[in-house]
Each structure stands twice: as C-alpha cells, then as structure tokens.
2 protein chains.
Amino acid sequence: MKHMSNRQIVLAARPDGMARLSDFKAVDTDIPSPKDGEVLFRNRLFSVDPYQRNLMGNGSSEWPAIDIGDPMGGPTVGVVEQSRHPDFAVGDHVQSWSGWQRYALSDGSDIRKLDADAAPLSTALGPLGLTGFTAWYGMTKLHAFKPGGTLVVTGAAGAVGSTAAQLGKLRGLRVVGVAGGPAKAARLTDELGLDAAIDYKAADFEDQVRRALPDGIDAFFENVGGPIFPVLMEYFNTDAKMTLCGTIADYSETELPTGTNYLPRLITLIHYRFVSIKAFAIPYVLDSFPEFLAEMAPLVRDGRIRYGEEFIDGFDALPAALMSLFDGTHSGRKLIVRDR
Amino acid sequence: MKHMSNRQIVLAARPDGMARLSDFKAVDTDIPSPKDGEVLFRNRLFSVDPYQRNLMGNGSSEWPAIDIGDPMGGPTVGVVEQSRHPDFAVGDHVQSWSGWQRYALSDGSDIRKLDADAAPLSTALGPLGLTGFTAWYGMTKLHAFKPGGTLVVTGAAGAVGSTAAQLGKLRGLRVVGVAGGPAKAARLTDELGLDAAIDYKAADFEDQVRRALPDGIDAFFENVGGPIFPVLMEYFNTDAKMTLCGTIADYSETELPTGTNYLPRLITLIHYRFVSIKAFAIPYVLDSFPEFLAEMAPLVRDGRIRYGEEFIDGFDALPAALMSLFDGTHSGRKLIVRDR
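Parameters and conventions
- Residues numbered from 1 in each chain as written.
- Chains lettered and ligands numbered in written order.
- Predicted model: local features only at pLDDT ≥ 70, side-chain atom pairs only at ≥ 80, totals over all residues.
- Heavy atoms only, no water.
- Contact = heavy atoms within 4.5 Å.
- Buried area = accessible area lost by both parts, 1.4 Å probe.
- Polar contact = N/O pair within 3.5 Å; in protein donor to acceptor, adjacent residues only side chain to side chain.
- Nonpolar A, V, L, I, M, F, W, Y, C, P; charged D, E, K, R; others polar.
- Pairing = 2+ DSSP bridges.
- Helix = DSSP H or I, 4+ residues; strand = E, 2+ residues; numbered from the N terminus.
- Domains from an automatic or database assignment.
- Salt bridge = Lys/Arg side-chain N within 4 Å of Asp/Glu carboxyl O.
- Buried < 20%, exposed > 50% of the residue type's maximum accessible area, 1.4 Å probe, protein only.
- Least-squares fit on C-alpha atoms with pLDDT ≥ 70 in both.

- If you look chain A up in an unreviewed UniProt entry, it shows as NADP-dependent oxidoreductase from Tistrella arctica.

Listed below in structure tokens is the structure:
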C-alpha cells in the first residue's frame, strides 16, 4: 500500500510505571526524499520487544531514553522504494533500526540487505536478528557453559529465552525452562524439547523448582529478574555461571530502592553497567602460589609492599585474639599469636 | 620452651552469632612421635584471621565447618623438633596448616620449609603467606584491572585489604581505601600511600564516599560486605570489575534471609559458590553479529532452532502490542507488527 504521509508513533510522555497508550502519539509527517547516496525504504515489519519499555524512560533502565517527540526505536524490515545508493535497488528488503515510522532514509551504513529466499523476512527480527543474536551472544561469549550441566532459562517461552534454551540443548546441557502459566510451560517441553518446565505462576512453584533441579544449577540465563530470582539462586552450584540478559519484571519500576540491602538494585546495576563480580576460594587455587611468591617476595623485601603485624604472646590467647577481629577493638594489622 | 603435653584449643560449641570464649576448650594430649617419613614440629606462630569464624560453623559460610572437638584450623609457623623425613632437619622452620595445637606431625606434603634469612618468619603468615596470596590472587587472576581506573578496597586497614590496596597502587590504579575509625583511615593515606580514605564509621560516611569517588569505581576489592556495600555499589562504572574476597560483616550471621530480595544473601552465594554473573549490551558487541549468523542461519534453516511468531496487523497497533508484553496477555512468541 502507498501512503501519502510518513506516519510515526512518537513518545508523547514518559510512563508512570507500566507503559500506557497515552504515552504514545501518532503524527503524520512528509515522506522524505533520498539525497545522492541515500535510499528511501518503507517499513513493513516492526519488532516488538520488552526492552523497548526501557527506551521510554522513567523505569529501572540506566540507559538513556529517547526524547519526547521522537519516534519509538526498534528494528524493522522494510522494502526499498527509492534508491540513490549503488548497493541498493528498488524492491530490496532491508533490516533497519528505524523504529516506529513507515518511511525512513539511510546512507546504507545502518541497514542490512536481506535475502528473502534464504529465510522468511520476519526471521531477520527474530532468530536471525537481534533477538537471536542476544540469545546466542549470552550463551556463547560470556561463559563456557559445560555440557552435562543444568541450564535454567527464565522467560523461556519468550523470543530470546526460547532461543537460548534451544541453544543450551544443542550444546549438551540439561535445560530447565521457567515460564508463566501452564500453557507456556507445556510448550517448553512439548514444542521446544526442554527437559523440564517450571510455571512460576503456579501455587506449587517452589515445589516445581525443587523437583526440576535435583542437581542444582550450573548455568543460568536470566531474562526476568523480580521475585523469581531469589528462589532460583538458592540452587546455584559451585562455579555456576549466570548470563544476566534482562530483568523484564523490573523494567517498569520507576524507583528501585537505593542504598539498602535490596537485591534487585544490585541486579539492575550488574545489568546496565555490566558489572562483573567474581569470587574464589584459596584451596582451589593453590597452584598459583609459586607465581605469587615470585612476584611478592621481592616487593616485600624491597619495602614496596608494607605490612603491619601485631603479636600477642601465649598459646592460650588464641580464642580471645580471634574474637578481637570482630568486636571492633583490633587495629586491623595482621594478628599473630606467638608461643614461646 | 619444652612442653610436657600437646596442648590443643578445640571447638567446644558452635557460636550463636559472634564467637565466644566458651566456644573453645583447651585440652592436653600426648605429644605424638613421628613414624618413618614423618616430622614432628612445634608451632611457634599462629595466624589469626577473620575467615576462621567460618570454620566454627553456624554462620553465613556455606563451607563445611570443623567438627566439635577438633582443633581450630589455621596456618602456623613451627620448628622441626624430630625428623624421620629426608627433606627436613631438626631446627628447620616450616609453615603448616596444623591449626591451634602446639605440636603436629607431617609427612612433608602439607608443610613448606621457610628460609629464616630471606624474610622474617612471621611474613609466611602475612604478606608472603595465605594473607598475601589471597590479596594477590584476587588482584591478579580474576580480572584485568586497568591502570588509571579507580580501585576501592574495603577492609583496607586489614591484612588482606592493605596488601590488595598496595598492589593496586603498584599497578597504576587510583586507590581508595575504606576502613572503620579515623585512626585506621589515616593510616591508609599516611602509611600505605593510598589516594583517599573513607571512614565507614563516620557520621558523614556517604559524603566521604562521594568526595572520594568523583570518577566512580572501576575496580572493587570487597572484603567486608554488610551495609557498606549497597552505598558503594551505586558508584560502579560501566564495565566495573569486582573481586568478592570476603564478607566479614556477615560471617557471624547465623541466618541470612532466603527466598527474599535480600542482597547479602546473593553476595553470600557468589562468595561461597563462586557464582559468576555477567551482563552485556547489544550495541557494544555487534562485531560478533557475523559469527552469530554463521552458526545460527543453518540451525534455523534445518529446523534445529524452532521459533514462534505472532503477527499483528496495522502500524497503529504498535503501542498496544508493546503493552501486551507486560500485562501477562501475550503468548511469549516473537511479536511482530506487520504493516500492509
């Protein structure tokens, strides 16, 4: 269909919590004309994804939101209607980031030509687009998930989660999917072939978790956040690896408590600032001790690493010495009990 | 001094919160005799460290505690008194794990001979022992902390923290130490040469944090946990790296809430199960897109990755489509708005 104007859906207001229809406004603008080196395309397919809530602002996202009055962002598939660019011809299909508007211009640098014969065009927004890429990257590039372990995927009926879960199966993991409601849960095992499904809306949710995770969690692909996570995290095995891909349950939270012991706040920081937290245990890493000594002994000998010591005499003083570390009376210097 | 018995300090009871003197008991046992291939050594120096609270059980640690009646564990420095082992002679100094007992046997596999001329023997419990190793490992092997960034070290006046902080200086980081009380805080800048100190016991703690971290936190060496952490975590920069080395503030907690949104519970799990959590953002990783397509396109084409799609017709349906993702009405399948 030919259109007489470039209809756009722009952000009219920032949401107060959940997005509302009144946060958007349709406006009709002129269809632009391509300059030399540009193409004009008409968008036909528009991806609708949870992260778009973050583009609207006033939520838990720490990323910059779009400006009021700008078209909503998001990937599209369009067809070239006019071309003054050597690489694109009228009728070519392209994947773009041009968002919620019928027409857009490009100089070619931000669009990708699609082969309509290789795969349905819609897959460029799904498994072969940013949805699939998100699932693949989080399953591939952050951790080496070991075959044989148990992978839990939340939001497993969703576009990203279902792809991540299936990649887990292909990589030899036992995959447990979490979704809301019996219909979605059934689809995880029946259609996607996952090993077990957990319905987080079910009254026996915690029992379902226990039954589905007899061997704990080795790998975790997290899309959801919110109150499900603290239940699942108890099942982490030693050396568990977690990809924090999304926190959909929190996207509409206008104000997460700060400066408190509120867990979703840390999850949000990890998510939006890519904070990497690692821990270790000395008994597992002692093979690095010679390397440590090789670096540290000269530093200590040369006085470049200073150290304080506090000696307490007498074997029987040991218990009281230990207690002094916790009652605020100790200087902080290395405490050593010396027995004559 | 020669002793007539092998005095041991054993665990008499598990603490109820903070360790108490009554949780320990001194017992006198016979001094053992070495068999062929063994050495008998007398412990002279005993390391006293916060993690020993974890060995007593009934705290936040998830690691196995020692049994009631067993000697408290911990590193020692001893001197060989009898040897039936070819590698050790009477008078040799050794570092052992034999804990709170005056005498112990070893077959040589769990002791390390020390050179009393190379460094004071006590350093084998401090900067050249497990204390130093802990600081070095956490600063060296988990993350590549980049020179020029800001490193925050909590428990910075303590044995592990002060070593980690100085290693940070040697590696070109701006180092901010956190300690309790003005005396410890002053030592961080005056004795250790750190760039700034924060006194977490001061009334203006949060102001001190703000002043000390004008450029946020790039690297974090965490020894303490507890209520300080949520204040500091707000200063994480993008791509911040955190070594979770200890949670001293929580060691004496007999019961951290579970199944709630209580942040210290997650920190404890990361600490004791070495859970690794990573996040990513698509705009930063798009250079992996071709690698993704190369793996994924054949999988989708061959039906090995299944995907569901749900189409909604009409450009103007976009806002309502987005809202359906958050109100629980959506199937979870990839949602695409199609414009004719």
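Text resumes after the structure shown.
**Remarks on the interface of chain A and chain B**
- Each side of the interface is counted separately: chain A has 144 residues, and chain B has 145 residues.
- In total, chain A and chain B occlude about 13100 Å² of area from one another, counting both sides; carbon and sulfur atoms represent 66% of this.
- If you sort the residues of chain A by the area they bury against chain B, Phe 280, Phe 315 and Phe 326 of chain A come out on top, with a joint share of 6%.
- Here chain A is connected to chain B by 58 residue pairs in polar contact (both at pLDDT 80 or more).
- Looking at the side of chain A that touches chain B residue by residue, the class counts come to 78 nonpolar, 34 polar and 32 charged.
- Note that strand β15 (residues 334–338) of chain A and strand β3 (residues 39–48) of chain B share four bridges and pair antiparallel. Counted as the bridge partner of Val 337 of chain A is Phe 46 of chain B from β3 of chain B.

**Some remarks on the domain arrangement of chain A**
- One can read the domain layout of chain A as domain 1 (6–124), domain 2 (131–273) and domain 3 (284–338).
- The C-alpha-based centres of domain 1 of chain A and domain 3 of chain A are spaced at 60 Å.

**Focus on the pattern of salt bridges**
- Per the counting criterion, the structure on display carries 44 salt bridges over all chains.
- The partner of Arg 102 of chain A in a salt bridge is Asp 339 of chain B, with the nearest N and O atoms 2.6 Å apart. Taken as a pair, Arg 102 of chain A in the loop between β5 (93–96) and β6 (103–106) and Asp 339 of chain B in the segment after β15 (334–338) lie in two separate chains rather than in one.
- For Arg 102 of chain A, a relative accessible area of 13% corresponds to the buried category.

**Observations regarding the relation of the copies chain A and chain B**
- It takes a turn of 180 degrees to lay chain A on chain B, together with a shift of 0.0 Å along the axis; the resulting RMSD is 0.1 Å. Interpreted geometrically, this transformation is the action of a two-fold axis. Minimal C-alpha distance to the rotation axis in chain A is attained by Leu 263 of chain A, lying at 2.0 Å.
- A share of 100% of interface residues in chain A that are also interface residues in chain B marks the association as one of identical surfaces.

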